[in-house]
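Take a look at the letters that make up each chain.
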Amino acid sequence: MARDISYKNFFIKYGFFAGVFSVILFLCVYTTLVSKKYWNKNLSANVLTVLTERTGDEWTFVEPVEIQNPFALNCAAFVVKNKAVGKNFTSIIVRINSMYGPIPAVFLVDDKNNVSFVDYSNIHGTVKNQIEFEKYNNRIELYKARIPSILGLEERG
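A brief structural summary.

Conventions adopted
Residues numbered from 1 in each chain as written. Predicted model: local features only at pLDDT ≥ 70, side-chain atom pairs only at ≥ 80, totals over all residues. Heavy atoms only, no water. Phe/Tyr/Trp six-rings, centres within 6.5 Å; stacked < 30°, edge-to-face > 60°. Salt bridge = Lys/Arg side-chain N within 4 Å of Asp/Glu carboxyl O. Helix = DSSP H or I, 4+ residues; strand = E, 2+ residues; numbered from the N terminus. Buried < 20%, exposed > 50% of the residue type's maximum accessible area, 1.4 Å probe, protein only. Core = buried A, V, L, I, M, F, W, Y, C linked by side-chain atoms within 4.5 Å. Contact = heavy atoms within 4.5 Å.

1. Points about the packing of aromatic side chains
Then comes step 1: Inspection of the entire model under this criterion finds 8 aromatic pairs.
Then comes step 2: Among the aromatic residues, those joined into a cluster by ring pairs are Phe10, Phe11 and Tyr14.

What follows is the structure, given as structure tokens:
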């Protein structure tokens, strides 16, 4: 009889622990899924701002691009449309390391898979002036070469 009571207490404690663990897991997954929508929305607005300021043309967001490369966690891609030209482009924002820390850089890929660097995002003042001198450095060229493989364009090519 004493043995039945100890099993009962064990299963009560185990059930309580499993319930608390399930609730915490649900909250983590739910907040991640909800925040992903706003994360993409804000990143796409940031990319459109950089494209508009740099090129002078008006750009619109078409759709997000799912990046299938598991090694490219520091970037996001979007299909954007240039209203002046009337063509769709793939825009990618990548976090690039610099001596000032990670800086988001915006690249543009045309329909022939040519990659061009647009500009850095959200940088102003003295840091912006210093980074302008570093604009055409090896990091930019490295990512220009890597972006087709990040987006999976080499397989489609």
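Now that the structure has been shown, the text picks up again.
2. Re the pattern of salt bridges
Then comes step 1: According to the stated counting rule, one finds 2 salt bridges in the structure shown.
Then comes step 2: Two residues, lysine 144 and glutamate 141, come together in a salt bridge whose shortest N-O distance is 4.0 Å. Linking lysine 144 with glutamate 141, this pair stays in helix H3 (residues 138-151), spanning 3 residues, or about one helical turn.
Then comes step 3: On the accessibility criterion, lysine 144 (27% relative accessible area) is partly exposed.
Then comes step 4: Take glutamate 141: its relative accessible area is 42%, and that puts it in the partly exposed class.

3. Regarding the nonpolar core
Then comes step 1: Of all hydrophobic cores here, the largest spans 21 residues; its most connected members are Ile67, Ile92, Phe107 and Leu151.
Then comes step 2: Looking at this core, the elements with two or more residues in it are strand S2 (75-82), strand S3 (87-98), strand S4 (101-109), strand S5 (115-120) and H3.
Then comes step 3: Ranked by the residues each element gives to this core, the list is headed by H3, at 5 residues.
Then comes step 4: Setting aside residues no more than four positions away along its own chain, isoleucine 92 makes contact with Ile67, Cys75, Ala76, Ala77, Ala105, Val106, Phe107, Ile147, Ile150 and Leu151.
Then comes step 5: With 14 residues, the next largest nonpolar core counts Ala76, Phe78, Val80 and Phe89 among its residues.

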